[in-house]
Amino acid sequence: MDLSTHGPCRRPLIDEAGFRMSEATAGDFFALLKPRVMSLVVFTAFVGLVAAPVTINPLLAVIAILAIAIGAGASGALNMWYDADIDAVMTRTASRPVPAGRIQPHEALTFGLVLSVLSVMTLGVLVNWLAATLLAFTIFFYAVVYTMWLKRWTPQNIVIGGAAGAIPPVFGWAAVTGTVSLESVVLFLIIFLWTPPHFWALALFKSEDYAKAGIPMMPNVAGHASTRRQIFAYALVLAPVGVLPWLLGYTTPFYGVAALLLGVGFAWYAWKVLGMADDDRVMKPAKALFAYSLLYLFAIFAAYLADSVVERALAMGGA
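One numbering rule holds for all chains: residues counted from 1, following each sequence as written. Only residues with pLDDT of at least 70 are given local features in this predicted model, and only at 80 or more are side-chain atom pairs given and counted; all residues enter the totals for whole chains, interfaces and linings. Excluding hydrogens and water, the side-chain values take into account all heavy atoms of the structure.

Participant: Sorry if this is basic, but what is going on with the overall build of the protein chain here?
Facilitator: Under the DSSP-based scheme used, a helix requires at least four consecutive residues in state H or I and a strand at least two consecutive residues in state E, with every element numbered from the N terminus. A tally of helices and strands in the protein chain yields 14 helices and 2 strands. A radius of gyration in this sense is built from C-alpha atoms; the matching globule rule multiplies 2.2 Å by the number of residues raised to 0.38. In terms of overall size, the protein chain behaves like a compact globule, its C-alpha atoms giving a radius of gyration of 21 Å where 319 residues would be expected to give roughly 20 Å. Principal axes of the C-alpha set define a box for the protein chain whose edges measure 75 × 55 × 25 Å. Only protein chains enter the area calculation, which uses a 1.4 Å probe; residues under 20% of their type maximum are buried, those over 50% are exposed, and those in between are partly exposed. Evaluated residue by residue, the protein chain yields a buried proportion of 50% over its 319 residues. A gap of 6 Å separates the mean positions of the 19 positive and 17 negative side-chain charges of the protein chain. Neither His nor the chain ends contribute to the count of charged residues, in which Lys and Arg are positive and Asp and Glu negative. Charge positions come from single atoms, namely NZ of Lys, CZ of Arg, CG of Asp or CD of Glu.

Participant: Is there a simple way to explain the packing of helix H7 (residues 157-166) against helix H9 (residues 182-205) in this structure?
Facilitator: Between two packed helices, both the angle of their axes relative to each other and the distance between the axes serve to describe the pair. Helix axes are fitted only over the stretch in contact, all axes being lines through C-alpha atoms; the angle between N-to-C directions runs from 0 to 180 degrees. Viewed as axis vectors pointing N to C, H7 and H9 meet at an angle of 130°, and their least axial separation amounts to 8 Å. Put simply, H7 runs oblique to H9. For the crossing formed where H7 meets H9, the hand is right-handed. On the side of H7, the interface is formed by Ile158, Val159, Gly162, Ala163, Gly165 and Ala166, while H9 contributes Phe188, Ile191, Phe192, Thr195, Pro196, Phe199 and Trp200. Grouping the constituent residues of the contact of H7 with H9 by class yields 10 nonpolar, 3 polar and no charged. With respect to orientation, any angle under 35 degrees is reported as roughly parallel, any angle over 145 as roughly antiparallel, any angle of 65 to 115 as roughly perpendicular, and every other angle as oblique. By definition, turning the near helix anticlockwise from the far helix through less than a right angle yields a left-handed crossing, and turning it clockwise yields a right-handed one. A contact between two residues is defined here by any heavy atoms of the two lying within 4.5 Å. Gly counts as polar in this scheme, as do all residues outside two lists: the nonpolar Ala, Val, Leu, Ile, Met, Phe, Trp, Tyr, Cys and Pro, and the charged Asp, Glu, Lys and Arg.

Participant: Before we go on, may I ask you to explain the pattern of salt bridges in this structure?
Facilitator: Note on pairing: side chains with opposite charge can pair once their charged atoms come close. Throughout this description, the term salt bridge denotes a Lys or Arg side-chain nitrogen within 4 Å of a carboxyl oxygen of Asp or Glu. Evaluation of the coordinates by the stated rule reveals 7 salt bridges. The shortest N-O distance in the salt bridge between Asp28 and Arg102 comes to 2.7 Å. A residue pair is termed long-range when its members are at least 10 positions apart, and Asp28 in helix H1 (residues 26-32) and Arg102 in the loop between helix H4 (84-87) and helix H5 (105-126) qualify at 74 residues. Taking relative accessible area as the criterion, Arg102 reaches 21% and is therefore assigned partly exposed. Two residues, Arg152 and Asp85, come together in a salt bridge whose shortest N-O distance is 2.9 Å.

Participant: Can you walk me through the nonpolar core in this structure?
Facilitator: Among soluble globular proteins, nonpolar side chains are generally buried collectively. In this structure, Leu123, Ile190, Trp200, Phe266, Tyr296, Ile300 and Phe301 are the most contacted members of the largest nonpolar core, which totals 91 residues. Setting aside chain neighbours within four positions, we find Ile190 in contact with Leu238, Val241, Gly242, Pro245, Tyr255, Tyr296, Ile300 and Phe301. Ala77, Met80, Ala84 and Ile103 belong to the second-largest nonpolar core, a separate cluster that totals 8 residues. What is meant by a nonpolar core is a set of buried Ala, Val, Leu, Ile, Met, Phe, Trp, Tyr and Cys residues, joined one to another through side-chain atoms within 4.5 Å.

Participant: When you look at the environment of Trp129 in this model, what are you seeing that I'm missing?
Facilitator: Here Trp129 lies in helix H6 (residues 129-153). Overall, the relative accessible area of 46% leaves Trp129 in the partly exposed class. It is 37 Å that separates the C-alpha atoms of Trp129 and Phe266, two residues lying 137 residues apart in sequence. Discounting residues that sit within four places of it in the chain, Trp129 has contacts with Val120, Met121 and Gly124.

Participant: When you look at the packing of helix H2 (residues 35-51) against helix H3 (residues 58-82) in this model, what are you seeing that I'm missing?
Facilitator: The N-to-C vectors of H2 and H3 enclose an angle of 145°; their axes lie 9 Å apart at closest approach. The way H2 lies across H3 gives a crossing that is right-handed. Packed against H2, whose contacting residues are Met38, Val41, Val42, Ala45, Phe46 and Leu49, the element H3 presents Ala61, Ala64, Ile65, Ile68, Ala69, Ala72 and Gly73 at the interface. Of the residues that constitute the contact of H2 with H3, the class distribution is 12 nonpolar, 1 polar and no charged.

Participant: What should I look at first to understand unusual backbone geometry in this one?
Facilitator: Of all residues except glycine, most have a negative phi; of all peptide bonds, most are trans. Non-glycine residue Lys34 carries a positive phi angle of around 50°. Here Met283, not a glycine, exhibits a phi torsion of approximately 60°, which is positive. The residue Met283 is located in the loop between helix H13 (253-274) and helix H14 (284-318) in this model.

Participant: Would you explain the packing of aromatic side chains in this entry?
Facilitator: Aromatic rings from Phe, Tyr and Trp, with only the six-membered ring used for Trp, were paired whenever their centres fell within 6.5 Å, and each pair was classed as stacked if the ring planes differed by under 30 degrees, edge-to-face if by over 60, and tilted otherwise. Using the criterion set out here, one finds 15 aromatic pairs in the structure. Arranged with centres 5.1 Å apart and planes meeting at 85°, the rings of Trp268 and Tyr269 form a pair that is edge-to-face. Classification of Trp268 by relative accessible area gives partly exposed; the value is 48%. With a relative accessible area of 26%, Tyr269 lands in the partly exposed category. Cation placement over rings: the criterion is NZ of Lys or CZ of Arg within 6 Å of the ring centroid and within 35° of the ring normal. Over the ring of Phe205 we find Lys287, and its NZ or CZ is 5.8 Å from the ring centre.

Participant: Can you walk me through the side chain of Asp28 in this structure?
Facilitator: Overall, the relative accessible area of 8% leaves Asp28 in the buried class. Excluding anything up to four places from it in sequence, Asp28 contacts Glu23, Pro97, Arg102 and Ile103.

Participant: Just to check I follow, could you spell out the confidence of the model for the protein chain for this structure?
Facilitator: Reading fine detail from the predicted coordinates is not recommended where pLDDT is low. Per-chain confidence: the protein chain averages 92 in pLDDT, with 92% of residues scoring 70 or above. Taken as a whole, residues 1-19 scores under 50 in pLDDT and shows 28 contacts with residues more than four places along the chain or in a different chain. Across the chain, each position has a pLDDT score giving the predictor's confidence in that residue, from 0 to 100.

Participant: Please clarify how a nonpolar patch on the surface should be interpreted in this entry.
Facilitator: Exposure above 30% relative accessible area and the absence of a salt bridge qualify a residue for a patch, where like charges join within 9 Å and nonpolar side chains (Val, Leu, Ile, Met, Phe, Trp, Tyr) within 5 Å. For accessible areas, the Shrake-Rupley method is used with a probe of radius 1.4 Å. Any residue's cover is judged against the shown protein chains and nothing else. Taken together, the side chains of Leu130, Val180, Leu182, Val185, Leu189 and Leu248 present a nonpolar region at the surface, about 440 Å² in accessible area. Take the nonpolar patch: its biggest share by element is 3 residues, from H9. By the secondary structure assignment, Leu130 is in helix H6.

Participant: Can you help me understand the environment of Leu130 in this one?
Facilitator: A relative accessible area of 31% places Leu130 in the partly exposed class. In sequence terms Leu130 and Phe171 are 41 residues apart; their C-alpha atoms lie 8.6 Å from each other. Setting aside its immediate chain neighbours within four residues, Leu130 contacts Ala174, Gly178, Thr179 and Val180.

Given below as structure tokens:
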């Protein structure tokens, strides 16, 4: 029996009983989880959990973060299952497990569905059902509303779909308190407003890829000049919203200063993007903004985390 494979879309291996033998490795299934996106979800959810005004049993905290991570991974797997056709024609995504043929579409779908149920039930039964309901809604929103509809239909896909990526701090807060507060909503807003300029910066220097895949990203629909203006407008709104937790009294001036400096930096990078020439093919300002935006989100949430930890430690020391 010939068990060889052929080309990037390899022929399935068949055992003696006639059943297909999966060629996927553990690394392939891990890649389905979109680990880089998952790490951002876990980190921002953890910040929401720590910033909450009450404490949670450490074991339950670990369970909550693990369930949120699995739910984020499930969303990624379902996204890769549905988007295999467009992933295959984009250079940035062609090597993903499904379009590369290492994982079959039905395997990715089953994997994503199983992880979705596991994560939601674990969070609901062992932590609380508000956090579980929010997680279930977010998985549905990302996999169905964003992936199956918005992404292929409107250039506002990132704006509306960004709600799915912005909600993890609310998960963490709800896991501890069983409620959703204004403070957690402000954390949501920071990520929500960060998402469009972050992804539109990427879309500027990957516009040909998106056009080839037929995805209506803002540069391909409204043009590069309009996209650059919108990036700058979002940056101008994001900068003060990032400082809002301090202005509302949720943090100390340490966070306020850090958020202000980070916001000014974001606006400066966005200003450089705004000034790009229409015929710029290298797009260094867009690439620089994309890189800085990742630093911005990590740094502002790290500052929030540090501020919350220090403030709580000082309060306990003075008790």
